[in-house]
Amino acid sequence: GDDEAARRAYLGLYALQHRGQESSGIAASDGFKISLHRGMGLVWSVFPGETSLDRLPGRLAIGHNRYSTTGCSGLENAQPLLIQFRGGQIAAAHNGNIVNARELRAMMEENGSIFQTSSDTETVLHLIARSREKNLEDMIVDALSRLEGAYCFVFLTPTKLISARDPRG
């Protein structure tokens, strides 16, 4: 709800840099479309100068500093991840450990799913996209109900920000 949402996210990421120094990223929404910028390295090197944030317009934004727990260290695993599916655009960032992610991924790969990353965050996005629920919030709840572990998520759509954590909180 801030005209400077991406800049606010940047400042938050900068303050939390100690939590992850592998990669950084921000997804922002202008109410119609989500824009994404992410890269390897420290926050200041991923977002050099004021103009890098100008490419992230909107009043909603999520950001992430990554350190690898699952998946290799590479740009493909930098978060937030952004997908387009039947429900529209959705970006996701997550922290924690999903202990059944490998099993869920193997099941989806057996059924023809194609993955672009080695991150367990992408597994959750697949679960959301595969959900038979009708509205996005129910799709997210359905997907998260299949997870085991300790985690928190932020999801960004063109019009809303949704946060979630594991049932044990």
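Owing to the predicted nature of the structure, the values given are computational and were not obtained by experimental measurement.

### Here's the deal with the packing of aromatic side chains
With the rule as written, the count across this model stands at four aromatic pairs. Measuring from ring centre to ring centre gives 5.7 Å for Tyr151 and Phe153, while their planes differ by 65°; the resulting arrangement is edge-to-face. Taken as a pair, Tyr151 and Phe153 share a single burial class, namely buried. Grouped by ring-pair contacts, the aromatic residues Tyr10, Tyr14 and Phe47 constitute a single cluster.

### Observations regarding the nonpolar core
Counting residues in hydrophobic clusters, the biggest one holds 24 residues, and the most contacted among them are Ile128, Leu147 and Phe155. Going through the elements one at a time, strand S4 (81-85), strand S5 (88-98), helix H4 (101-110), helix H5 (120-130), helix H6 (136-144), strand S6 (149-156) and strand S7 (161-165) are the ones with two or more residues in this core. A total of five residues in this core trace back to one element, the largest contributor, which is H6. When sequence neighbours within four positions are dropped, the list of residues in contact with Leu147 reads Ile98, Asn100, Leu104, Val124, Leu127 and Phe153. By size, the runner-up hydrophobic cluster in this structure holds 13 residues, among which are Tyr10, Phe47, Leu53 and Ala61.

### Points about the pattern of salt bridges
Pairing between side chains of opposite charge can happen when the charged atoms of each approach one another. Tallying each qualifying case throughout the model produces six salt bridges. A salt bridge links Asp2 to Arg8, with the shortest nitrogen-to-oxygen separation between them at 3.1 Å. Taking the relative accessible area as the measure of exposure, Asp2 reaches 28% and is therefore partly exposed. A relative accessible area of 47% means that Arg8 is categorised as partly exposed. Across the salt bridge formed by Glu137 and Lys160, the nearest N and O atoms sit 2.6 Å from each other. Of this pair, Glu137 sits in helix H6 while Lys160 sits in the loop between S6 and S7, placing them 23 residues apart in sequence. A residue is classified by how much of its surface remains accessible, and Glu137, at 32% relative accessible area, is partly exposed. Its relative accessible area of 34% is what places Lys160 among the partly exposed residues. One salt-bridge network, in which partners are shared between bridges, spans Glu4, Arg7 and Asp54.

### Considering the sheet that holds strand S3 (residues 60-66)
Spatially, the three strands line up as an open sheet ordered S2-S1-S3, and their pairing is antiparallel. A single partner strand is all that each edge strand has here, and the edge strands are strand S2 (34-40) and S3. Across the sheet, the mean angle from the axis of one strand to that of its neighbour is 10°, orientation sign disregarded. Across seven bridges, the pairing between strand S1 (residues 23-29) and S3 is antiparallel. Note on S3: the bridge partner recorded for Ala28 is Ala61.

Reading the values: the criteria
- Residues numbered from 1 in each chain as written.
- Predicted model: local features only at pLDDT ≥ 70, side-chain atom pairs only at ≥ 80, totals over all residues.
- Heavy atoms only, no water.
- Phe/Tyr/Trp six-rings, centres within 6.5 Å; stacked < 30°, edge-to-face > 60°.
- Buried < 20%, exposed > 50% of the residue type's maximum accessible area, 1.4 Å probe, protein only.
- Core = buried A, V, L, I, M, F, W, Y, C linked by side-chain atoms within 4.5 Å.
- Helix = DSSP H or I, 4+ residues; strand = E, 2+ residues; numbered from the N terminus.
- Contact = heavy atoms within 4.5 Å.
- Salt bridge = Lys/Arg side-chain N within 4 Å of Asp/Glu carboxyl O.
- Pairing = 2+ DSSP bridges.
- Axes fitted to C-alpha atoms, helices over the stretch in contact; angles between N-to-C directions.

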